[in-house]
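One-letter residues, chain by chain:
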Amino acid sequence: MSEVQGPMRVTILGSTGSIGTSTLDVMARHPERFEVFALSASRQVDLLFEQCVRFRPRFAVMVQPEHARTLQEKLKAHGLGTQVLAGPQALDEVSSTSEVDAVMAAIVGAAGLSPCLAAARAGKRLLLANKEALVVGGEVFLSAVRQGGATLLPIDSEHSAIFQSLPEDPGTWQARIDKIILTASGGPFRQRDPDSLRDVTPAQACAHPNWSMGRKISVDSATMMNKVLEVIEAKYLFGVAVDQLDVVIHPQSIIHSMVQYKDASVVAQLGTPDMRVPIAYGLSWPERMLSGASSLDFGQLQAMTFESIHTHGHPQRYPGLILGFETLRATPGSCAVLNAANEVAVQAFLDGEIRFDQIHAVNAATLDGFSPAVPQALADLLDIDHEARRRAQAMVHRLAA
């Protein structure tokens, strides 16, 4: 990626979500450094309109044409010149155009894969908050990053922490590190009787103790599937073996992740649980700039505690973690199956079709019945995703019957 001249022009995919709004907050604190080029949303027309009024992007993209028409009418009535586009192809276009320097990939789910690939092939600074680009894309996505010469920077708090705790030269990672340790809050049910999890409601599952997140990600945190996806992502991001990845429960979410070196020393990144910190680091890297987050006050900091993932009946409380490590050791493409099944299962739970504990049942059954061929291109990944969703939905129907 060539050096940026003038303000960095940024496309934010998923600008109305928690990552997108936090990104805009950080950028607004540095108007001399950043310019909003394009914003996108799935359904939130009113919020995207408000963002367009404030930040005046060149383009705004909505997935559905009817939402795009509504947004265009609202913008025209206010005399704003933002051009409104619609559909997945438009997401690819605003992510890969030569006028864009950086892309914040904050679309939740496999829908973000195609624009991430487009940005990677175009050699952009790609700020990756979309787990699925790596979980689903795997080597196909990494190949696009290499071929396009993109700068891939992780935005998830855990992966940003790992990145900040590693040596600057990636060529020395394997020779120097022993393992990567991802921290997990344990979610809202860390101390709940596993036998009672069948009765969990969507509202309870979405009440995360530390982070403000969307409903899907909050449910993933409650099942620990978010940590499964993060482990898979870390494997691809940092090129380590599965056995070099570990998870530890850290309820306070102050240490965001750690790297243990071969001399037994551990380097960790600490900070308040505020996504503006990794977002600011990704935007400003290799520099650092004000994020708007509060600093840690060590005089007031509560005690930090840690628990093994095997504590408190882990196989019953977090069965998805075991399934995730098994999937990572399976044939390429299996991680895409798990991701697709989980998206279907979580939505079914939120819609009241299945119980909380049946999310894992859907994931396990879908994986057990589907062994995909090794994907070579985006079309292969989309085929795997489609078939896995079909099988997962069939399982949901059986459970709901």
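Look up: the structure comes first, before these words.
Criteria and cut-off values
- Residues numbered from 1 in each chain as written.
- Predicted model: local features only at pLDDT ≥ 70, side-chain atom pairs only at ≥ 80, totals over all residues.
- Heavy atoms only, no water.
- Phe/Tyr/Trp six-rings, centres within 6.5 Å; stacked < 30°, edge-to-face > 60°.
- Lys NZ or Arg CZ within 6 Å of the ring centre and 35° of its normal.
- Core = buried A, V, L, I, M, F, W, Y, C linked by side-chain atoms within 4.5 Å.
- Buried < 20%, exposed > 50% of the residue type's maximum accessible area, 1.4 Å probe, protein only.
- Helix = DSSP H or I, 4+ residues; strand = E, 2+ residues; numbered from the N terminus.
- Contact = heavy atoms within 4.5 Å.
- Salt bridge = Lys/Arg side-chain N within 4 Å of Asp/Glu carboxyl O.
- Expected span 1.5 Å × (residues − 1).
- Pairing = 2+ DSSP bridges.
- Right-handed = clockwise from strand over helix to strand, strands pointing away.
- Axes fitted to C-alpha atoms, helices over the stretch in contact; angles between N-to-C directions.
- Parallel < 35°, antiparallel > 145°, perpendicular 65-115°, else oblique.
- Left-handed = near helix turned anticlockwise from the far one by under 90°.
- Nonpolar A, V, L, I, M, F, W, Y, C, P; charged D, E, K, R; others polar.
- Patch = residues over 30% accessible without salt bridge, like charges linked within 9 Å, V, L, I, M, F, W, Y side chains within 5 Å.
- Areas by Shrake-Rupley, 256 points an atom, 1.4 Å probe, with all protein chains shown as cover.

### Quick word on the packing of aromatic side chains
Phase 1: Counting across every chain of the model gives six aromatic pairs.
Phase 2: Each residue in the set F163, Y281 and W285 is aromatic and connected to the rest through ring pairs, giving one cluster.
Phase 3: A cation over an aromatic ring shows up here: K74 above the ring of F49, its NZ or CZ 4.6 Å from the ring centre.

### Some remarks on the nonpolar core
Phase 1: Of all hydrophobic cores here, the largest spans 109 residues; its most connected members are L71, M104, F141, I180, F238, L245 and L283.
Phase 2: Tallying contributions element by element places helix α12 (residues 225-238) first for this core, with nine residues.
Phase 3: Ignoring anything within four residues of it in the chain, the contact list for M104 reads T11, I12, L13, I19, T23, L127, A129, I155 and I279.
Phase 4: The next biggest cluster of nonpolar side chains, apart from the first, holds 20 residues, and it includes L350, I354, A392 and V396.

### Topic: the pattern of salt bridges
Phase 1: Summed over the entire model, instances satisfying the criterion amount to 21 salt bridges.
Phase 2: The partner of D46 in a salt bridge is K74, and the shortest N-O contact between them spans 3.6 Å. Taken together, the residues span a long stretch of sequence, with D46 in helix α2 (residues 45-55) and K74 in helix α3 (residues 65-77) at a distance of 28 residues.
Phase 3: Here K74 falls in the partly exposed class, since its relative accessible area comes to 27%.
Phase 4: For R390, the salt bridge goes to E387, with nearest N and O atoms at 2.7 Å. Of the two residues, R390 and E387 both sit in helix α18 (residues 378-400), three residues apart, roughly one turn of that helix.
Phase 5: Taken together, the shared-partner salt bridges connect K131, D156, E158, K227 and E230 into one network.

### Examining α18
Phase 1: An ideal rise of 1.5 Å per residue puts 33 Å on 23 residues; α18 measures up with 32 Å between its terminal C-alpha atoms.
Phase 2: L378, L381, I384, D385, E387, A388, A392, M395 and V396 are the residues of α18 that are buried.

### What about the pairing of strand β6 (residues 125-128)?
Phase 1: Judged by which residues are buried, β6 turns out to be covered on both faces: R125 and L127 on one side and L126 and L128 on the other are all buried.
Phase 2: As paired elements, strand β5 (residues 102-105) and β6 share four bridges and run parallel to each other. Looking at the pairing, A105 lines up with L128 of β6.
Phase 3: Assessed by its sense of winding, the connection that carries the chain from β5 through helix α5 (residues 113-121) to β6 is right-handed.
Phase 4: The sheet contact formed by β6 and strand β7 (residues 151-154) spans four bridges and is parallel. Within β7, the residue paired with L127 across the bridge is L153.

### Observations regarding helix α4 (residues 88-96)
Phase 1: Buried residues of α4: A90, L91, D92, V94 and S95, and no others.
Phase 2: Against β1 (8-13), β2 (34-41), β3 (59-62), β4 (83-86), β5 and α5 lie the buried residues of α4.

### Side note on the packing of helix α15 (residues 319-328) against helix α17 (residues 358-368)
When two helices pack together, their arrangement is given by the angle between the helix axes and by the axis-to-axis distance.
Phase 1: Relative to each other, α15 and α17 sit at 20°, their axes nearing to 10 Å. Here α15 is positioned roughly parallel relative to α17, judged by the angle of their axes. For the element pair α15 and α17, the recorded crossing hand is left-handed. On the side of α15, the interface is formed by P319, G320, L323 and T327, while α17 contributes H360, N363, A364 and L367.
Phase 2: When the residues that make up the contact of α15 with α17 are grouped by side-chain class, the tally is four nonpolar, four polar and no charged.

### Remarks on a nonpolar patch on the surface
Phase 1: Residues L270, F298, M304 and F306 make up a contiguous nonpolar surface patch of about 380 Å² in total accessible area.
Phase 2: Following the sequence through the fold, L270 ends up in strand β11 (residues 266-270).

### With respect to the side chain of T11
Phase 1: Relative to the helices and strands, T11 resides in strand β1.
Phase 2: If we skip the residues at most four places from it in the chain, T11 touches F37, A38, V94, S95, V100, A102, V103 and M104.

### Observations concerning the sheet that holds β5
Phase 1: Spatially, seven strands are ordered β4-β3-β2-β1-β5-β6-β7 in an open sheet, and the strand pairing comes out parallel. Among the strands making up the open sheet, the edge pair consists of β4 and β7. The mean inter-strand angle of the sheet, taken between neighbouring strand axes irrespective of direction, is 20°.
Phase 2: Sheet analysis places β1 next to β5, joined by four bridges and oriented parallel. The residue bridging T11 from the neighbouring strand is V103, located in β5.
Phase 3: This element, α3, spans β3 and β4 of the sheet and lies at about 175° to β4.
Phase 4: Most of the contacts of helix α13 (residues 276-284) go to β6, to which it runs at about 170°, and overall it touches β1, β2, β5, β6 and β7.

Geometric values such as these leave the question of function open.
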